[in-house]
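Structural overview
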Amino acid sequence: LDCLLKREWGSLSQQARTECAPMGASSAWQLGNFDDLTGYIGLLQPHTVDDCFFRALRCVHSGRLDRGEKMLDEVRAALDAEITPLLREGYERAYPSIVKSQQVAELEEALNHRRLLRDGACAPGGPEEIALGRMWYD
């Protein structure tokens, strides 16, 4: 997807770029291309789940933890507005939003961990970090 978007980006209309931006942002995140992620964020519809989530992700990645926490609050509010009606329609319809809720929870864990490291409350490679790594990767 990343290669396809990069190859075709110049020929896409502004509307098509806006429609592709959530997929591009997700792809950039999965590949660790945070410079590309920043470009896609600028094309996301403001105050949507994707917009707030990827802005929070960028903040956490860049160490702007207080701003990241505010963005996580915004993504939770956007998810609440999105997921409640979808749950009435059925679990299958709500499933993508449920997955995003889990990603938000994991991003919040990462934010809290980075805050602990920043504040000297835990050491890099210490028992807290090892336990968190096990939880994420096992």
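The structure this text deals with has already been given above.
I will try to describe carefully the structure that is included in this document. (Residues numbered from 1 in each chain as written. Predicted model: local features only at pLDDT ≥ 70, side-chain atom pairs only at ≥ 80, totals over all residues. Heavy atoms only, no water.)

Considering the side chain of serine 97
Filter applied, for reference: Comment: elements are numbered from the N terminus, with helices defined as DSSP H or I runs of at least four residues and strands as E runs of at least two. In what follows, residue pairs with any heavy atoms lying within 4.5 Å of each other are defined as contacts.
Looking at where serine 97 falls in the secondary structure, it is placed in helix α6 (residues 91-118). Contacts of serine 97, omitting those with residues within four sequence positions, involve Leu79, Glu82, Ile83 and Leu86.

Quick notes on the packing of helix α4 (residues 49-62) against helix α5 (residues 65-89)
For the record, the criterion: The angle between two axes is taken between their N-to-C directions and runs from 0 to 180 degrees, where each axis is a line fitted to C-alpha atoms and a helix contributes only its stretch in contact. If an angle is under 35 degrees, it is roughly parallel; if it is over 145, roughly antiparallel; if it lies from 65 to 115, roughly perpendicular; otherwise it is oblique. Throughout, a crossing is termed right-handed when the near helix is turned clockwise from the far one, and left-handed when it is turned anticlockwise from it by less than a right angle. Under the convention adopted here, Pro, Cys and the residues Ala, Val, Leu, Ile, Met, Phe, Trp and Tyr are nonpolar, Asp, Glu, Lys and Arg are charged, and Gly plus all remaining residues are polar.
Orientation of α4 relative to α5, taken along the N-to-C sense of each, is 160 degrees, at an axis distance of 8 Å. By the criterion of interaxial angle, the relationship of α4 to α5 is roughly antiparallel. With respect to the hand of their crossing, α4 and α5 are arranged in left-handed fashion. Touching Val49, Cys52, Phe53, Arg55, Ala56, Cys59 and Val60 of α4 are Leu65, Arg67, Gly68, Met71, Leu72, Glu74, Val75, Ala78, Leu79 and Glu82, all from α5. Residue composition of the contact of α4 with α5, by class: twelve nonpolar, one polar and four charged.

Side note on a nonpolar patch on the surface
Here is the rule: Nonpolar side chains (Val, Leu, Ile, Met, Phe, Trp, Tyr) are joined into patches within 5 Å and like charges within 9 Å, using only residues with over 30% relative accessible area and no salt bridge. Methods summary: accessible areas were calculated by the Shrake-Rupley approach with a probe of 1.4 Å, and residue burial reflects only the protein chains presented. Any carboxyl oxygen of Asp or Glu that lies within 4 Å of a side-chain nitrogen of Lys or Arg is treated as forming a salt bridge with it.
There is a patch of nonpolar side chains on the surface, built from Leu1, Leu4 and Met23 and spanning about 290 Å² of accessible area. Tracing the chain through its elements places leucine 4 in helix α1 (residues 2-8).

What to know about the pattern of salt bridges
Definition in use: Relative accessible area decides the class of each residue, using a 1.4 Å probe on protein chains only: under 20% of the type maximum gives buried, over 50% gives exposed, and in between gives partly exposed.
By the definition in use, this model includes eleven salt bridges. Measuring nitrogen to oxygen at the nearest pair gives 3.3 Å for the salt bridge that ties lysine 6 to aspartate 2. Of this pair, lysine 6 and aspartate 2 both sit in helix α1, four residues apart, which is roughly one turn of that helix. Residue glutamate 69 is joined to arginine 115 by a salt bridge in which the shortest nitrogen-to-oxygen separation is 3.5 Å. Here the residue glutamate 69 occupies a position in helix α5, and arginine 115 occupies one in helix α6, the gap between them amounting to 46 residues. A relative accessible area of 33% places glutamate 69 in the partly exposed class.

Considerations on α6
Condition: Expected helix span is given by 1.5 Å per residue-to-residue step, counting one fewer step than there are residues. Two axes enter the bend calculation: one fitted to the seven residues ending at the residue in question, the other to the seven starting there, and the bend is the angle between them.
In this model, α6 (28 residues) spans 39 Å end to end at C-alpha, consistent with the 40 Å of a helix rising 1.5 Å per residue. Serine 97 marks where α6 bends most, by close to 30 degrees. Of the residues making up α6, those classed as buried are Ala94, Ser97, Lys100, Val104, Leu107, Ala110, Leu111, His113 and Arg115.

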